[in-house]
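Next come the chains, spelled out residue by residue.
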Amino acid sequence: MLTIYNDRHALHQGRFEMFRGELVPCFEVPARADFVLRELQLRGLGAIEGPQELPAVAIARIHSQRYLDFLAGAWQEWVALDPANANRDALPSYWPIRSFRSDVLPASFSARMGLFSFDAGSPLTAGTWAAARAGAACAITAARKVLQGERAAFALTRPPGHHAGMDFFGGYCFLNNAALAAQALRDAGLERVAVLDVDYHHGNGTQSIFYQRADVFFASVHCDPHTEYPYFLGYADERGAGAGEGCNLNLPLARGSGFPRWRTALAQALRAIADFRADALVVSLGVDTFEGDPISGFGLRSADYLAIGEDIAAAGLPTVFVFEGGYAVAEVGINTVNVLEGFGQ
Ligand code: Q9C
Ligand code: ZN
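About the cut-offs
Residues numbered from 1 in each chain as written. Chains lettered and ligands numbered in written order. Predicted model: local features only at pLDDT ≥ 70, side-chain atom pairs only at ≥ 80, totals over all residues. UniProt positions renumbered as here; feature names shortened; annotations may be inferred. Helix = DSSP H or I, 4+ residues; strand = E, 2+ residues; numbered from the N terminus. Rg over C-alpha atoms; globule rule 2.2 N^0.38 Å. Buried ≥ 20, exposed ≤ 12 C-beta atoms within 10 Å, placed from the backbone. Contact = placed C-beta atoms within 7 Å. Core = buried A, V, L, I, M, F, W, Y, C linked by C-beta atoms within 7 Å. Pairing = 2+ DSSP bridges. Right-handed = clockwise from strand over helix to strand, strands pointing away.

- As recorded by an unreviewed UniProt entry, the protein carries the name Histone deacetylase family protein and is attributed to Caenimonas terrae.
- Under the UniProt heading Sequence similarities (unreviewed entry), the note attached to the protein is "Belongs to the histone deacetylase family."
- Database annotation for the protein, UniProt heading Cofactor (unreviewed entry): "Zn(2+)".

1. Things to note about the overall build of the protein
Thinking step 1. The helix and strand inventory of the protein stands at 10 helices and 10 strands.
Thinking step 2. Computed over its C-alpha atoms, the radius of gyration of the protein comes to 19 Å, within 12% of the 20 Å expected for a compact globule of 345 residues.
Thinking step 3. C-alpha atoms of the protein, sized along the principal axes, occupy 55 × 45 × 40 Å.
Thinking step 4. Out of the 345 residues belonging to the protein, those deemed buried represent 52%.
Thinking step 5. Sequence-distant contacts, at least 24 apart, represent 76% of the contacts inside the protein between residues at least 6 apart.

2. Remarks on unusual backbone geometry
Thinking step 1. Between R158 and the following residue, P159, the backbone shows a cis peptide bond with an omega angle of 0°.
Thinking step 2. For P159, the location among the structural elements is in the loop between β5 (152-156) and α6 (177-187).
Thinking step 3. Backbone torsion omega between Y229 and P230 reads 10°, so that peptide bond is classified as cis.
Thinking step 4. Looking at the element boundaries, P230 is found in the loop between β7 (216-223) and β8 (248-253).
Thinking step 5. Even without glycine at this site, Y172 takes up a positive phi of about 70°.
Thinking step 6. Located in the positive-phi region is R277, a residue other than glycine, with phi close to 60°.
Thinking step 7. In this fold, R277 is placed in the loop between α8 (259-276) and β9 (280-285).
Thinking step 8. Exposure remark for R277: the 10 C-beta atoms within 10 Å place this residue in the exposed category.

3. Observations regarding the nonpolar core
Thinking step 1. Counting 103 residues, the largest nonpolar core has A139, A142, A155, A181 and V322 as its most contacted members.
Thinking step 2. Broken down by element, this core gets its largest block of residues, 12 residues, from helix α5 (residues 128-147).
Thinking step 3. Once residues lying within four places of it in the same chain are set aside, the contact partners of A181 are A139, I140, A142, A143, A155, V282, V320 and V322.

4. Some thoughts on the pairing of strand β10 (residues 319-323)
Thinking step 1. Among the five residues of β10, five are classified as buried, and the element is accordingly described as predominantly covered.
Thinking step 2. By the bridge criterion, five bridges tie β9 to β10 in an arrangement that is parallel. Bridge assignment links V282 to a residue of β10, and that residue is V320.
Thinking step 3. For the crossover that starts at β9, traverses helix α9 (residues 304-313) and ends in the parallel β10, the hand is right-handed.

The following block contains the structure:
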């Protein structure tokens, strides 16, 4: 399988994330992508290329201009607050929930950090914007390759994307790579695109981006948000709204679920995608469903990922895979590449 690799991913290297009142070392580390790249090379899974040049308007198809302007200048603003910030990552501390206004754009950088985010676990660093932009280019390039006739392509990039919405970051995500790939497929003339999200966490960003649309179906298998991040979205009764009514399918599973239950949910998601008559598929490929994942609670084993790839291949759709979560660093390459190998050439 053709891989489009973000060789700028390590420019995003967060130090600490807020967890239970403490700053703890980030789980979303550059080594994750390094291990996947190494495994692709070891198995000789196919060509590995860089992204094509990306017109700025491509990202603006999904993200709001004021959010993109914020991201582009955020690091400079952060350092301007205090020169010592050059050696500290930026994290938000204030959020405009419920009765607060979301139409104002405060002059304060700290206020805008909160306006454009939803957790304190996603540090913004000196290289975040450069890494995320190159990653978006990888996802869009992978979509273009599939449009040009590749059966599938894999965007290997970090930071991940599926928690990022039209105008917010969070869950280690800044730009929604899977949504950008799906939009690129639509913009090239495909009528219906499905996004299948197999990350352990619900892809709240992708869901919210397409929630009112009938042209992009979103299906997700994930841990029940009653007990798991992102907590406030991902429930089974979220089925889409307006024109998008019926075009959203959430299949939350209890923490502790193993592969038999997970695979049954995958089959249900794939049936819904077939009923939608999608012309192409984007897979948000997180492997934090692995039994050894340090922040997750499903029980999938490495061999299970081969079967996942086979099941997805059986949908018979041109497919763009986009790398998302997976924090058992030593196994993230094996598990991710197992999916791609199971999918086949
Ligand atoms: N200290 C993705 O998998 N909270 N994001 C975890 C553990 C955030 C995961 C808390 C999890 C976000 C792309
Ligand atoms: Zn995840």
